[in-house]
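Structural description and commentary
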Amino acid sequence: MKSLQGERNQGTARGVMSRAWAGIWLVAAPVAALYAGDPNVITVRDFTLLRSRPDTVFALEFFAGWCGHCQAFAPVWKQAAASACAASPSLVFGAMDCASDYVLCRSMGITGYPAIRLYGRGFGPTGVPLRACGNGCFSKLTLLDDILSTARAAFAAASAGSPGLRPLPLLSSPPVSPLTGARLAAASASECAGLPPAASDQAAGTARFDPPIEMQQRPVPMADIASAVAYGIQRELVKIELGPPASERRSALDAWLAALAALLPGPANRANMLRLRSAARARESLSPEAWEQVVLSTPPPLLPDGSPAGAIAWAACRGATPDARGYPCGLWLLFHSLLAQARTDAEAAAALRAIKGYVQFFFGCTGCSQHFLAMARAEEDSLERAARTAADARLWLWRAHNTVNRRLNVSVPEQVKP
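Residues numbered from 1 in each chain as written. Predicted model: local features only at pLDDT ≥ 70, side-chain atom pairs only at ≥ 80, totals over all residues. Heavy atoms only, no water.

Points about the packing of aromatic side chains
Selection rule: Ring geometry is summarised as follows: Phe, Tyr and Trp rings, the Trp one being its six-membered ring, pair when their centres sit within 6.5 Å, and such pairs are stacked at plane angles under 30 degrees, edge-to-face over 60 and tilted between the two. Helix numbering and strand numbering both begin at the N terminus, where a helix is a DSSP run of H or I of at least 4 residues and a strand a DSSP run of E of at least 2. Each residue gets one of three labels from its accessible area relative to the maximum for its type: buried under 20%, exposed over 50%, partly exposed in between, using a 1.4 Å probe on protein chains only.
Tallied over the full model, the rule gives 17 aromatic pairs. Ring geometry for Tyr358 and Phe362: centres 5.7 Å apart, planes at 65 degrees, overall edge-to-face. Measuring from ring centre to ring centre gives 5.8 Å for Phe372 and Trp396, while their planes differ by 85 degrees; the resulting arrangement is edge-to-face. In this pair, Phe372 is assigned in helix α14 (residues 366-377) and Trp396 in helix α16 (residues 390-411), connecting sequence segments 24 residues apart. Each member of the pair, Phe372 as well as Trp396, is classed as buried.

A short note on the environment of Leu237
This is how it is decided: The contact criterion used is simple: two residues touch if any of their non-hydrogen atoms lie within 4.5 Å.
By secondary structure assignment, the location of Leu237 is in the loop between α8 (221-236) and α9 (248-263). For Leu237, a relative accessible area of 0% puts it in the buried group. Leu237 sits 126 residues away from Phe363 along the chain, and the two C-alpha atoms are 8.8 Å apart. Among residues more than four places away in sequence, those in contact with Leu237 are Gly232, Leu242, Leu253, Trp291 and Phe362.

Regarding the state of the cysteines
The following threshold applies: In this description, a disulfide is simply a cysteine sulfur pair whose atoms lie within 2.5 Å.
As enumerated under the stated definition, the model contains 4 disulfides in all. Here Cys133 pairs with Cys137 through a disulfide, and the sulfurs are 2.2 Å apart. With the S-S dihedral at roughly 95 degrees, the linkage between Cys133 and Cys137 falls on the right-handed side. The pair formed by Cys133 and Cys137 is uniform in burial state, with each residue classed as buried.

Looking at unusual backbone geometry
At the junction of Tyr113 and Pro114, the peptide bond is cis and its omega measures out at -10 degrees in the coordinates. With respect to the helices and strands, the residue Pro114 is situated in the loop between α4 (102-107) and β5 (115-119). Here the amide bond leading from Pro300 into Pro301 is cis, since omega sits at -5 degrees, within 30 degrees of zero.

Structural notes on helix α12 (residues 327-341)
Each α-helix turn comprises 3.6 residues. Residues three or four places apart therefore point the same way. Condition: Working rule for helices: expected span equals 1.5 Å times residues minus one.
The end-to-end C-alpha distance of α12 is 21 Å, a good match for the 21 Å that 15 residues give at a rise of 1.5 Å each. Across the 15 residues of α12, 12 count as buried, placing the element largely inside the fold.

Quick look at the packing of α9 against helix α10 (residues 267-281)
How we decide: Angles here are taken between N-to-C directions and fall from 0 to 180 degrees, while the axes themselves are lines fitted to C-alpha atoms, restricted in helices to the stretch in contact. When describing relative orientation, an angle under 35 degrees is termed roughly parallel and one over 145 degrees roughly antiparallel, while 65 to 115 degrees is termed roughly perpendicular and anything else oblique. When the near helix sits turned anticlockwise from the far one by under a right angle, the crossing is termed left-handed; a clockwise turn instead gives a right-handed crossing. In this classification, Asp, Glu, Lys and Arg are treated as charged, Ala, Val, Leu, Ile, Met, Phe, Trp, Tyr, Cys and Pro as nonpolar, and every other residue, Gly included, as polar.
Taken N-terminus to C-terminus, the directions of α9 and α10 make an angle of 155 degrees; their axes are 7 Å apart at the nearest point. Comparing their axes, α10 and α9 come out roughly antiparallel. Crossing angle aside, the handedness with which α9 passes α10 is left-handed. Counted together, Arg250, Asp254, Leu257, Ala258, Leu260, Ala261, Ala262 and Leu263 of α9 and Arg270, Met273, Leu274, Leu276, Arg277, Ala280 and Arg281 of α10 form the full contact between these two elements. Split by residue class, the contact of α9 with α10 holds 10 nonpolar, no polar and 5 charged.

Considerations on the pattern of salt bridges
Just so we agree on the cut-off: Criterion for a salt bridge: a side-chain nitrogen of Lys or Arg within 4 Å of a carboxyl oxygen of Asp or Glu.
The full count for this structure, using the stated rule, is 9 salt bridges. Across the pair Arg106 and Glu289 runs a salt bridge whose closest N-O atoms are separated by 3.6 Å. In this pair, Arg106 is assigned in helix α4 and Glu289 in helix α11 (residues 288-296), connecting sequence segments 183 residues apart. By relative accessible area, which is 6% here, Arg106 ends up buried. For Glu289, a relative accessible area of 22% translates into the label partly exposed.

Concerning the pairing of strand β4 (residues 91-97)
We count it as follows: Strands qualify as paired when DSSP identifies two bridges or more between them.
By the criterion of burial, β4 is predominantly enclosed, with 7 of the 7 residues buried. Taking every second residue as pointing to the same face, both faces of β4 are buried, with Leu91, Phe93, Ala95 and Asp97 on one and Val92, Gly94 and Met96 on the other. Pairing of strand β2 (residues 41-44) with β4, which is carried by 3 bridges, proceeds in the parallel orientation. Bridge pairing in β4 links Val41 to Phe93. As defined by bridge partners, strand β3 (residues 57-63) adjoins β4 across 7 bridges and the pair is classed as parallel. Within β4, the position partnered with Val57 by the bridge is Leu91.

Digging into the confidence of the model for the chain
Definition in use: pLDDT measures how confident the predictor is about each residue, on a scale from 0 to 100.
Put simply, the chain has an average pLDDT of 77, and 73% of its residues get 70 or more. With pLDDT under 50 throughout, residues 1-32 is counted as low confidence; its partners more than four residues away or in other chains account for 82 contacts.

Digging into the pairing of β3
Counted residue by residue, β3 has 7 buried out of 7 residues, so it is predominantly covered. Of the two faces of β3, both are covered, the one formed by Val57, Ala59, Glu61 and Phe63 as well as the one formed by Phe58, Leu60 and Phe62. Of the strand pairs in this sheet, β3 and β5 are connected by 5 bridges, and their pairing is antiparallel. Paired with Glu61 across the strands is Ile116, a residue of β5.

Some remarks on the packing of α8 against α12
In contact at an axis separation of 8 Å, α8 and α12 are set at 110 degrees when each is read in the N-to-C sense. Between α8 and α12, the interaxial angle falls into the category roughly perpendicular. Contacts from Pro221, Asp224, Ile225, Ala228, Val229, Tyr231, Gly232 and Glu236 of α8 reach α12 at Tyr327, Gly330, Leu331, Leu333, Leu334 and Ser337.

The following block contains the structure:
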């Protein structure tokens, strides 16, 4: 898998704040293994190569290794990349792990995963989202067709403003649509001969990942609970506009911080969440930069009770690879912990609704969020019906958790060492 290292986003106040943010809080994550060793998908760490090859269209997937839908989509992305040379030699597939390169993903306006954008001459600095498969789809042919048709439309729009723009080889080649699949299905290694060889995993910076020693010991869930809170505050909330106080998203943020301030294990943790909520409520509007300032104004460490070194580290939720488990597992532990701490029916109801708001507005896995909200709306077992008593709220969350586990075990087997 080829790795692209080079220039970073420099010179803007936003870039300076983001680099300071990363340096203060976050431990560098391992390079994600989702596409490790794949000869047809390049690992993008910046946009140096994309700028240096104006006659190429780059199809770039923004993903998070912990995202179940990203893991389920990865085989389709690999298959499409392997067949791309049959569609056009000037179409290149890449992937960027937003769990590691979250600052650059944020600069591209990525708020959910997976997200697919096209980059090419005249396509604009933040790329062009696919029209049908912008958040992934599960057919290689449909995906390639959408990439080619979106690229042609984007080039046509760019050419309208720049009549002298030279056509890209990709866009002047015979169209794939309507897709019969014959040509792409026949793509083979011989058709792709001449493509540059992939670098080894070690050269790409993908080191061997050994299962952690914690998996052989008694799990310490508090580290995972604190890591889930920190990950959400530092990486999920920072990538979106939280808006004015009256907005739905801002109300969801306030309800989430209120639940953490009331029910998060550890008195010092609850005190800091209360400070964070008060500081957020004092702001008229919360942009990503304003949210950074609010969090940085909270005296460190953010979570004094039980927080691992570096604020984010998975113990009981750490899987056999960097892509497995982690954040979603930690979130489930956090959700169950909040409801377990609730002392009254009212506290449990508020916590369950706050959990729903967090998943709806802040959880980056788009498909996961949609599935959770569908469960919450289910007429025969709705979240609102379960919110009547603390016992019903706790049982509803466990039913939802079990439903998610069954679905993921079919599409993405969980990777955890015994």
